[in-house]
Amino acid sequence: MDPEFEVAHGLLALAYSAKGMHEEALGELRKIKSLEAEPLYLSYLVYVYGMARRTSEAETGLQRMRTLSKRHYVSPLWMAFAYAGLGDKGQAFVWLQRVFDERASGGTISIHLSLSS
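Residues numbered from 1 in each chain as written. Predicted model: local features only at pLDDT ≥ 70, side-chain atom pairs only at ≥ 80, totals over all residues. Heavy atoms only, no water.

### Quick notes on the overall build of the chain
Item 1. For the chain, the count of helices and strands is 6 helices and 0 strands.
Item 2. Written out in order from the N terminus, the α and β elements of the chain read α-α-α-α-α-α.
Item 3. Within the chain, the proportion of its 117 residues that are buried is 41%.
Item 4. Contacts in the chain between residues at least 24 apart in sequence constitute 51% of all its contacts with a sequence separation of at least 6. (Helix = DSSP H or I, 4+ residues; strand = E, 2+ residues; numbered from the N terminus. Buried < 20%, exposed > 50% of the residue type's maximum accessible area, 1.4 Å probe, protein only. Contact = heavy atoms within 4.5 Å.)

Right, dumping it as structure tokens:
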């Protein structure tokens, strides 16, 4: 109904990524005007790049999140999600522990970490 509704684009991107449709996911994320300035959506971008095995772009996005965290609140949950996309389970769990320790907010993000590899 609203082609500029960022939440819908973000959630659709995650759904596409879960289905392995990473280019479609990136297309949805590019429709988010505040993508580079909004840590939540930036974590989605890092996640999708990581899942698509585009590590260089994912690392660039992760660095952008670190830079933003110096000026804005970046939930440890969003950092955990970004690291999960990169497949870095150790860092994902470090950040999830921070979510617990800080009783941090950040919305709800489902993080799937395969323990079999």
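Past the structure itself, the notes keep going.
### A closer look at the side chain of histidine 9
Item 1. Looking at the secondary structure, you find histidine 9 in helix α1 (residues 6-18).
Item 2. Polar side-chain contacts of histidine 9 include one of 2.6 Å to the backbone oxygen of proline 3.
Item 3. Apart from residues lying up to four places away in sequence, histidine 9 is in contact with Pro3, Glu4, Glu28, Lys31 and Ile32. (Polar contact = N/O pair within 3.5 Å; in protein donor to acceptor, adjacent residues only side chain to side chain.)

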